[in-house]
Amino acid sequence: MTETASHRPIESLSLQLNGVEMLADLSGALYWEAERLLIVSDLHLEKGSSFAMRGVLLPPYDTVATLGRLGAVIARYDPRTVIALGDSFHDRDAHGRLSDGNRDIIAALQARRDWIWISGNHDPALPSDLGGVVASEVAIGTIVLRHEPTGAAGEIAGHLHPKARVLTRGRGIERRCFASDGERVVMPAFGAYAGGLNIRDSAFARLFHSLDFIAHVLGDHRLHAIAASRCC
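Residues numbered from 1 in each chain as written. Predicted model: local features only at pLDDT ≥ 70, side-chain atom pairs only at ≥ 80, totals over all residues. Heavy atoms only, no water.

A. Structural context of the packing of aromatic side chains. Tallied over the full model, the rule gives 4 aromatic pairs. Ring centres of Phe89 and Trp117 lie 5.6 Å apart, and the angle between their planes is 45°; this geometry places the pair in the tilted category. Remark: Trp117 occurs in strand β6 (residues 114-118) and Phe89 occurs in the loop between β5 (81-84) and α3 (100-110); sequence separation between them is 28 residues. Note on Phe89: relative accessible area 0%, which makes it buried. Look at Trp117 and you get buried, because its relative accessible area is 1%. (Phe/Tyr/Trp six-rings, centres within 6.5 Å; stacked < 30°, edge-to-face > 60°. Helix = DSSP H or I, 4+ residues; strand = E, 2+ residues; numbered from the N terminus. Buried < 20%, exposed > 50% of the residue type's maximum accessible area, 1.4 Å probe, protein only.)

Structure representation (structure tokens):
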């Protein structure tokens, strides 16, 4: 792994939340170094099979692709704890459609670390046979982790799948992003097939109350910190 002089991956960017330093990772994960805590949101596992059940045929590889990316970022940071911020599964029955191979991958990722599944609107009743524990939210000091954002200070949430649209060389490019104003963070969706909501949508205005926040945009090789007011 190529690292900077501070021993942090070059694919990460420092992000302050309520006075706590976090690392926003190019994968879309957030790492709290002091707690050895890795946070991901909106995996939407088995979205492909959910669509197939409704006659929309997509390549059925989203779960293995998402778990592969998750495995890579876990290997990068070796966290003590992983928290998945809800909508880890695309629907209430998605966990039952996991292949044995993907169940084995999840079990391997959970080995030798604590794992917390936060329930989301897509997966409000997670079963107990997935490993780890299930919670509605988690509080660590001044930081609260939950699925749906409320706008509270110190909050890390998902649900909205933020993406930013920026103009470059005369054309618009849309990318997933972290949305943060230093007091709250909305995480990008981690799932391979998860969509996105533009940060100029009114849902973000209700949380941040102005465009005085930053989109930490997931680029091809690094993150880009762009003022929300510059996005379109």
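Still more ground to cover, so stick around.
B. Structural context of the sheet that holds strand β2 (residues 20-25). Read from one edge of the open sheet, 7 strands run β1-β2-β3-β4-β5-β6-β7, paired in mixed fashion. Of all strands in the sheet, those bounded by a partner on one side alone are β1 (12-17) and β7 (133-135). Adjacent strand axes in the sheet meet at a mean angle of 25°, parallel and antiparallel pairs treated alike. Of the strand pairs in this sheet, β1 and β2 are connected by 6 bridges, and their pairing is antiparallel. In the strand pairing of β2, Gln16 is matched with Glu21. (Pairing = 2+ DSSP bridges. Axes fitted to C-alpha atoms, helices over the stretch in contact; angles between N-to-C directions.)

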